[in-house]
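Listed below, chain by chain, are the residues.
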Amino acid sequence: MVEIGVSKEILYDADFKAIPVTIAKGNDLKAGELLSGIGGSVFDDRSLLAEPADVEGDIDGVLLYDVDATEENKEASLVYAGSLWANKVNGGEITAEIKEKLNLIKFITE
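All figures in this text were calculated on a predicted structure; none of them were measured in a lab. (Residues numbered from 1 in each chain as written. Predicted model: local features only at pLDDT ≥ 70, side-chain atom pairs only at ≥ 80, totals over all residues. Heavy atoms only, no water.)

Counting 17 residues, the largest nonpolar core has Leu 34, Val 62, Leu 84, Leu 102 and Phe 107 as its most contacted members. For this core, the elements supplying multiple residues, two or more each, are strand 9 (74–85) and strand 10 (105–108). Those residues in contact with Leu 34 that lie beyond four places of it in its chain are Glu 51, Pro 52, Ala 53, Val 55, Ile 59, Gly 61, Val 62, Val 89, Asn 90, Ile 98 and Leu 102. Residues Ile 23, Leu 29, Leu 35 and Val 67 belong to the second largest nonpolar core, which totals 13 residues. (Core = buried A, V, L, I, M, F, W, Y, C linked by side-chain atoms within 4.5 Å. Buried < 20%, exposed > 50% of the residue type's maximum accessible area, 1.4 Å probe, protein only. Helix = DSSP H or I, 4+ residues; strand = E, 2+ residues; numbered from the N terminus. Contact = heavy atoms within 4.5 Å.)

Attention shifts here to the pattern of salt bridges. This structure, assessed with the given rule, holds 1 salt bridge. Across the pair Glu 97 and Lys 101 runs a salt bridge whose closest N-O atoms are separated by 3.2 Å. With Glu 97 and Lys 101 both in helix 1 (residues 96–101), this residue pair falls 4 residues apart, about one helical turn. Residue Lys 101 is classed as partly exposed on the basis of its relative accessible area, which comes to 28%. (Salt bridge = Lys/Arg side-chain N within 4 Å of Asp/Glu carboxyl O.)

This paragraph deals with a negative patch on the surface. A cluster of acidic residues, Asp 28, Asp 68, Glu 71 and Glu 72, forms a negative patch at the surface. Position of Glu 71 relative to the elements: it lies in the loop between strand 8 (67–69) and strand 9. The class for Glu 71 is exposed, based on a relative accessible area of 65%. (Patch = residues over 30% accessible without salt bridge, like charges linked within 9 Å, V, L, I, M, F, W, Y side chains within 5 Å. Areas by Shrake-Rupley, 256 points an atom, 1.4 Å probe, with all protein chains shown as cover. Lys, Arg positive; Asp, Glu negative; His and termini not counted. Charge placed at Lys NZ, Arg CZ, Asp CG, Glu CD.)

What follows deals with the pairing of strand 9. Here strand 3 (residues 11–23) pairs with strand 9 via 9 bridges, running antiparallel. Bridge pairing in strand 9 places Ala 18 opposite Val 79. Of the pairings in the sheet, the one linking strand 7 (residues 61–63) to strand 9 comprises 2 bridges and is antiparallel in character. Across the sheet, Leu 63 pairs through a bridge with Leu 78, a residue of strand 9. Judged from the 4 bridges that link them, strand 9 and strand 10 form a sheet pairing that is parallel. Bridging across to strand 10, Ser 83 finds its partner in Lys 106. (Pairing = 2+ DSSP bridges.)

Structure below.
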């Protein structure tokens, strides 16, 4: 496992696409966490705050690096396309439903 600072490396390679998001205060998140906008998709409204996604609901993408927003909202990167290590995303639990919702991401199992 490759470590960068205190974050785990979720990227399989450097070919990925991400957008900036703001993580809502009260969240201490690890790289690989599934994210969604609060009240809608961050792709439809970039002003929405992001939080951990409910896998049964909408999923906008995957958190690129660890973010500690326990005290205040924090900027982060949300990966929405590329190749990611499957065992580093969502605790390694990548269901068919998650793959369908994140269809621009290829999950690599080795």
